[in-house]
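Fold and contact review
Residues per chain are reported as follows:
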Amino acid sequence: MREIFWGQGCILSLSGISLLFSADFVRDIVTDRTVRKCEKLAGCGFSTSIFTLLGCFLLATSYLALSAGFIKEQASRLVIARFFVMANMVAAVKLFLDIQHQIYNESMWVPCVACLVMAALFAWRIFNDEGKSSNRKNRLDV
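A brief report on the enclosed structure follows. (Residues numbered from 1 in each chain as written. Predicted model: local features only at pLDDT ≥ 70, side-chain atom pairs only at ≥ 80, totals over all residues. Heavy atoms only, no water.)

Thoughts on the overall build of the protein chain
Assigned secondary structure in the protein chain consists of six helices and zero strands. Counting from the amino terminus, helix and strand elements in the protein chain follow one another as α-α-α-α-α-α. In the protein chain, which comprises 142 residues, the share counted as buried stands at 33%. Looking at the protein chain alone, contacts between residues at least 24 apart form 74% of all its contacts between residues at least 6 apart. (Helix = DSSP H or I, 4+ residues; strand = E, 2+ residues; numbered from the N terminus. Buried < 20%, exposed > 50% of the residue type's maximum accessible area, 1.4 Å probe, protein only. Contact = heavy atoms within 4.5 Å.)

Considering the pattern of salt bridges
Counted under the stated rule, the structure contains two salt bridges. A salt bridge links Lys94 to Asp98, with the shortest nitrogen-to-oxygen separation between them at 3.1 Å. On the criterion of helical spacing, the pair formed by Lys94 and Asp98 is a turn pair, its members being four residues apart in helix α5 (residues 74–100). Assessed through its relative accessible area of 48%, Lys94 is described here as partly exposed. Between Asp129 and Arg125 there is a salt bridge, and its shortest N-O distance comes to 3.6 Å. Of this pair, Asp129 and Arg125 both sit in helix α6 (residues 109–141), four residues apart, which is roughly one turn of that helix. The buried category is assigned to Asp129, whose relative accessible area is 9%. Given a relative accessible area of 22%, Arg125 falls into the partly exposed group. (Salt bridge = Lys/Arg side-chain N within 4 Å of Asp/Glu carboxyl O.)

Observations concerning the state of the cysteines
Overall, the coordinates contain zero disulfides when judged by the stated rule. Free cysteine: Cys112, not disulfide-bonded; nearest cysteine sulfur from Cys115 at 6.8 Å. Taking relative accessible area as the criterion, Cys112 reaches 4% and is therefore assigned buried. (Disulfide = S-S within 2.5 Å.)

Here's the deal with the nonpolar core
Phe5, Phe84, Tyr104 and Phe122 are the most contacted members of the largest nonpolar core, which totals 27 residues. Elements represented by at least two residues in this core include exactly α1 (2–21), α2 (23–30), α4 (46–68), α5 and α6. Tallying contributions element by element places α5 first for this core, with eight residues. Those residues in contact with Phe84 that lie beyond four places of it in its chain are Phe5, Gln8, Leu12, Thr61, Leu64, Ala65 and Phe122. (Core = buried A, V, L, I, M, F, W, Y, C linked by side-chain atoms within 4.5 Å.)

Right, here's the structure in full:
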């Protein structure tokens, strides 16, 4: 499970750094053309500030993922893995809805699918690890 935590941490830290330091550039790449035009006409930088806050959140979450790879206690790793399953599923649904409402363009399907893949990897490892621990408990009870 350590490799999945590190993979999640690397993805989150790269995304967080890009959002934190180049929010305008990322906004121009991923948002729909009409959203960019409306934002420029209104003169507000709302999505830039949201992207900057999201970058800070992604960096904090990447620290959690990277440090979870070093936790030796199985129960703690499983709790953090359950959090990442939930977080990845929520992110995938949110990206899907934003793509459907034409806030983001079609290039955001890649992160949406990546969130689903990471959630599936974590869920698969949780299922395997809980199955192994329940088999050990059953053998000890006999």
